Amino acid sequence: MTENVVVLGAGYAGAGAIKTLQSELGGTVRLTWIADVDYHLVLHESHRVIRDPDVRSDITFSVDEIADPSTRFIQDEVVGLDPEEQVVELAENDDVDYDYVLVGLGSQTAYYGIPGLGEHSLTLKSLDDALEIHEAVKEASTNATRGEPAQVVVGGAGLSGIQTAGEIAEFRDAHRAPIEIHLVEALDEIFPGNDPEIQQALRDLLEEAAVRIHTDDPITEATDEVIHFDEGDPLEHDVLIWTGGITGRDAMDDVDLENEHNRLTTEANFQTSDERVFAIGDSAIINQGDQPAPPTAQAAWQAADVAGENIARAIENRPLKTWEYDDKGTVVSVGEKAVAHEVKPAFGVSLPVDTFGGFPAKNLKKMIAARWIADITSWNEARQSWSSL
């Protein structure tokens, strides 16, 4: 009997798993890929679109470039999953049966119950989001003057918030636009939870780019014109962008599987509380002992290979592999500049410092994106995208 294997999502987790499953299983199963868009977005470079929408052609790749001809693709929104009936529920198409399903739907933005924040802020979770931010910043700057510059506020100073603020600064400088940029973080330092050395290096680049940094004061409410803080004075905004947190997709709302905030909990082999349902990427909270794997592109890339192989092993009644996240370091861009931290040596070459910037960091970030593009498409595609990365 031929098994039905279904993969949900076209992000890093979904696209990576499709490549692995195609390699592992070939034409021995019916492989179905379901996503709400017909392309893969290199999400960790989506902030580039805020500055220049033309970049999108270099960081989006059609599913036809990734999927084999034998892989069935359905473009639709996943609205539910029924483990008992073993079906994926879709918004417009008929339900899809599965023998094994891999959930890689990604996440959506968490607003932590802050009044007005969801209604009055933009987010950065998709290509459309990046384009919307570009248009909002452009319109706000057009209506502003040097005496009364547009106020653009980025809430959340994690990876997305820092890179978003950096791209808005590049847009401002390229167009000589009257814009003031504010980066707001509830905790006491930007890039929370990371080494003070990279925190300071990123702060230096942001301040060099004239981004005003506000820390150690959480947002308590947002309106269409102002955000309020726990202690500080209110801050007016023409554009408010929120990058402050993640939660699982609504499609997992009523799924009878163990989860935390709609993110399915899994063992280190990606198996959920149902042995026929696997989950990876931001859709999952993957057991790694003391703490779960981070919801990052790097973790999703690594996990996709093993998750795809484990589904093949499950079909063949072989023991599943245990995955352990391998942190290869951090590289963060601030506009045209970048900072790298604790990057693992490559090709046996040791690095003399833990944290560095300049051309080496910038080039390293480009290489990371190019390697991913090459993995899911080809090195020729990666070369063509290089100038936009």
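From a predicted model like this one, the values you see are computed outputs, not experimental measurements. (Residues numbered from 1 in each chain as written. Predicted model: local features only at pLDDT ≥ 70, side-chain atom pairs only at ≥ 80, totals over all residues. Heavy atoms only, no water.)

### Remarks on the overall build of the protein chain
Here comes step 1: A count of helices and strands for the protein chain gives 10 helices and 25 strands.
Here comes step 2: Taken over the C-alpha trace, the protein chain has a radius of gyration of 21 Å; the compact-globule value for 389 residues is 21 Å, and the two agree within 12%.
Here comes step 3: With the C-alpha coordinates aligned to their principal axes, the bounding extent of the protein chain is approximately 70 × 50 × 40 Å.
Here comes step 4: Expressed as a percentage of its 389 residues, the buried residues of the protein chain come to 56%.
Here comes step 5: The contacts of the protein chain with a sequence gap of at least 6 include a subset with a gap of at least 24, amounting to 63%. (Helix = DSSP H or I, 4+ residues; strand = E, 2+ residues; numbered from the N terminus. Rg over C-alpha atoms; globule rule 2.2 N^0.38 Å. Buried < 20%, exposed > 50% of the residue type's maximum accessible area, 1.4 Å probe, protein only. Contact = heavy atoms within 4.5 Å.)

### Considering the sheet that holds strand β7 (residues 87–90)
Here comes step 1: As summarised here, the arrangement of the three strands in space is β6-β7-β8, forming an open sheet in which the pairing is antiparallel. Looking at the sheet topology across the chains shown, the edges are occupied by β6 (78–82) and β8 (96–97).
Here comes step 2: Two elements, β7 and β8, share two bridges in a ladder whose sense is antiparallel. Paired with V88 across the strands is V96, a residue of β8. (Pairing = 2+ DSSP bridges.)

### Side note on the packing of aromatic side chains
Here comes step 1: Enumeration over the complete set of coordinates arrives at six aromatic pairs.
Here comes step 2: Ring centres of Y12 and W301 lie 5.6 Å apart, and the angle between their planes is 65 degrees; on these two criteria the pair is classed as edge-to-face. Separated by 289 residues along the polypeptide, Y12 in helix α1 (residues 12–25) and W301 in helix α8 (residues 297–315) bring together distant segments of the chain. Exposure class is identical for Y12 and W301. Each is buried.
Here comes step 3: Measuring from centroid to centroid gives 5.2 Å for W301 and W372, while their planes differ by 5 degrees, and the two rings are stacked. You can see W301 sitting in helix α8 and its partner W372 sitting in helix α9 (residues 358–376), a full 71 residues away along the chain. W372 matches W301 in its accessibility class, with the two residues each being buried.
Here comes step 4: These aromatic residues form a ring-pair network of at least three members: Y12, W301 and W372.
Here comes step 5: Over the ring of Y100 we find R276; its NZ or CZ atom is 4.7 Å from the centre of that ring. (Phe/Tyr/Trp six-rings, centres within 6.5 Å; stacked < 30°, edge-to-face > 60°. Lys NZ or Arg CZ within 6 Å of the ring centre and 35° of its normal.)

### Some thoughts on the nonpolar core
Here comes step 1: Ranked by internal contacts, the top residues of the largest apolar core, which has 112 residues, are L81 and V88.
Here comes step 2: Element by element, the count of residues in this core is highest for α8, at 12 residues.
Here comes step 3: The contacts of V88, once residues within four sequence positions are left out, are V6, L8, I34, V78, G80, L81, D95, V96, Y98 and V101.
Here comes step 4: V153, V184, L235 and L240 belong to the second largest nonpolar core, which has 11 residues in total. (Core = buried A, V, L, I, M, F, W, Y, C linked by side-chain atoms within 4.5 Å.)

### So, α8
Here comes step 1: Between the first and last C-alpha of α8 there are 27 Å, a value that for 19 residues agrees with the 27 Å anticipated at 1.5 Å per step.
Here comes step 2: The largest bend in α8 comes to about 30 degrees, at A303.
Here comes step 3: Within α8, 18 of the 19 residues are buried, which leaves the element mostly enclosed by the surrounding structure.
Here comes step 4: Positive phi shows up at N317, right after α8, with a value of about 55 degrees. (Expected span 1.5 Å × (residues − 1). Bend = angle between axes of the 7 residues up to and from the residue.)

### Concerning the side chain of T272
Here comes step 1: With respect to the secondary-structure elements, T272 resides in the loop between β20 (263–266) and β21 (277–279).
Here comes step 2: There is a polar contact of 3.1 Å between the side chain of T272 and the backbone oxygen of D274.
Here comes step 3: Here the side chain of T272 touches V277 through a polar contact of 2.8 Å, landing on its backbone oxygen. (Polar contact = N/O pair within 3.5 Å; in protein donor to acceptor, adjacent residues only side chain to side chain.)

### So, the pairing of β6
Here comes step 1: With four bridges connecting them, β6 and β7 associate as antiparallel partners. Following the sheet pairing, D82 is matched in β7 by V87.
Here comes step 2: Two successive antiparallel strands, β6 and β7, enclose a turn made up of four residues, where Q86 displays a positive phi of approximately 55 degrees.

### Overview of a negative patch on the surface
Here comes step 1: A grouping of D36, E77, E92, D250, D253 and D254 is seen on the molecular surface, where their side chains present a negatively charged patch.
Here comes step 2: Along the chain, E92 turns up in the loop between β7 and β8.
Here comes step 3: A relative accessible area of 74% means that E92 is categorised as exposed. (Patch = residues over 30% accessible without salt bridge, like charges linked within 9 Å, V, L, I, M, F, W, Y side chains within 5 Å. Areas by Shrake-Rupley, 256 points an atom, 1.4 Å probe, with all protein chains shown as cover. Salt bridge = Lys/Arg side-chain N within 4 Å of Asp/Glu carboxyl O. Lys, Arg positive; Asp, Glu negative; His and termini not counted. Charge placed at Lys NZ, Arg CZ, Asp CG, Glu CD.)

### Quick look at helix α7 (residues 196–208)
Here comes step 1: In this model, α7 (13 residues) spans 18 Å end to end at C-alpha, consistent with the 18 Å of a helix rising 1.5 Å per residue.
Here comes step 2: Where α7 is concerned, the buried positions are I198, Q199, A201, L202, R203, L205 and L206.
Here comes step 3: If you follow the buried residues of α7, they end up packed against α6 (159–175), β12 (179–184), β13 (211–214), β23 (330–334), β24 (337–341) and β25 (355–356).
Here comes step 4: Measuring from the side-chain oxygen of the N-cap residue of α7 to the backbone nitrogen of E197 gives 2.7 Å; that N-cap residue is D195.

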